[in-house]
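As a plain string of letters, each chain reads:
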Amino acid sequence: MMRFSGKIAVVTGAAVGLGHPISGQFAAEGDVVVAADVMAEGARETASAIVAAGERALAVQADVWPWTDVQRHDRRGC
Amino acid sequence: MCSVMTAEAVEHYDRIDILVNNVGVRPTAFFLEMDISSRWQRMLDVNLNGAMCGCCAVIPHMLEIGRGKIVNIASVAGILAFTKRSAYVASKGAIIGLTKALAFELSRDQIWVNAVAPGTTVTPMNAPYFADPAMLELLDFEMPIGRFGQPNEITSAVLLLASDEADFVCGETLVVDGGWTTGKGF
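Residues numbered from 1 in each chain as written. Chains lettered and ligands numbered in written order. Predicted model: local features only at pLDDT ≥ 70, side-chain atom pairs only at ≥ 80, totals over all residues.

Undergrad: Just to check I follow, could you spell out the interface of chain B and chain A for this structure?
TA: When the parts come together, some accessible area is lost, and that loss is often what is quoted as the size of the interface. Tallying the contact residues gives 43 residues for chain B and 36 residues for chain A. Looking at the side of chain B that touches chain A, the elements with two or more residues in it are helix 1 (2-13), strand 1 (18-21), helix 2 (36-65) and helix 6 (151-162) of chain B. Looking at which element gives the most residues to the side of chain B that touches chain A, the answer is helix 2 of chain B, with eleven residues. The class makeup of the residues in the side of chain B that touches chain A is 26 nonpolar, 13 polar and four charged. (Contact = placed C-beta atoms within 7 Å. Helix = DSSP H or I, 4+ residues; strand = E, 2+ residues; numbered from the N terminus. Nonpolar A, V, L, I, M, F, W, Y, C, P; charged D, E, K, R; others polar.)

Undergrad: When you look at the confidence of the model for chain B in this model, what are you seeing that I'm missing?
TA: Detailed reading of the predicted coordinates is not advisable wherever pLDDT falls low. Scored by pLDDT, chain B has a mean of 92; 99% of the residues are at 70 or more. Overall fold confidence (pTM) sits at 0.93, and the ipTM for the predicted complex is 0.93. (pLDDT = per-residue confidence, 0-100.)

Undergrad: Explain the packing of helix 1 (residues 19-28) of chain A against helix 6 of chain B here, please?
TA: Helices that pack against each other are described as a pair by the angle of their axes relative to one another and the distance between those axes. Axis separation between helix 1 of chain A and helix 6 of chain B bottoms out at 9 Å; the angle between their running directions is 55°. By the angle class used here, helix 1 of chain A and helix 6 of chain B are oblique. Between helix 1 of chain A and helix 6 of chain B the crossing geometry is right-handed. For the pair helix 1 of chain A and helix 6 of chain B, contact is made by Pro 21, Ile 22, Gln 25 and Phe 26 of chain A and by Pro 151, Asn 152, Thr 155, Val 158 and Leu 159 of chain B, respectively. When grouped by side-chain class, the residues that make up the contact of helix 1 of chain A with helix 6 of chain B number six nonpolar, three polar and no charged. (Axes fitted to C-alpha atoms, helices over the stretch in contact; angles between N-to-C directions. Parallel < 35°, antiparallel > 145°, perpendicular 65-115°, else oblique. Left-handed = near helix turned anticlockwise from the far one by under 90°.)

In structure tokens:
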């Protein structure tokens, strides 16, 4: 079933645990996955597995929590 | 930083339609033995503030395109208490509250915020449970469906809430636990 078809899905903690299959399933249903994790290598592995399966993914190294990120949190973003 | 994550996503693809706040950690310690300044703080920073931060970073992009779906990964530990997991329980309970609060404020902006609360699932994080016969017996006794969850069974709930099919579902936490939180086995 292709429920998403080209939507862009960001998944945090994409390297291990549930993040990996969640990313893979979004991709399998037609999404483009942005696989984010503080572990760069793990994020790359998740994205690589998706690309190897013929789907689209981008790996991003990101820590979800430094305070500096939310100094400004309004409708323009942080 | 979350802003790095969203900046890269938007730079490559011009938009963000879906965010899954999945990241989480679960160290264990008795409350009275816990180093509050490091362990408790770290847990809340990653499990709760990390999800908040992810939302802060993506919501403006979702508002720009007029639609977005956020799925937070909670836990059955957001509903029931577990020993040596006070910070985890607090953080996951807070995720369920955050999910409702953001849905309440953002649903009219066509931003859906929901959560999935997985039960005991066969993942690396839970590997110690499956290596412990006593724990396995206890889990089995309390598990109405008589087995543990597979990752794809959690994933399918996440995908449902992220899809257009769930457009009338706002602020909900979908418990996917084989019936584990439905009652006690005695």
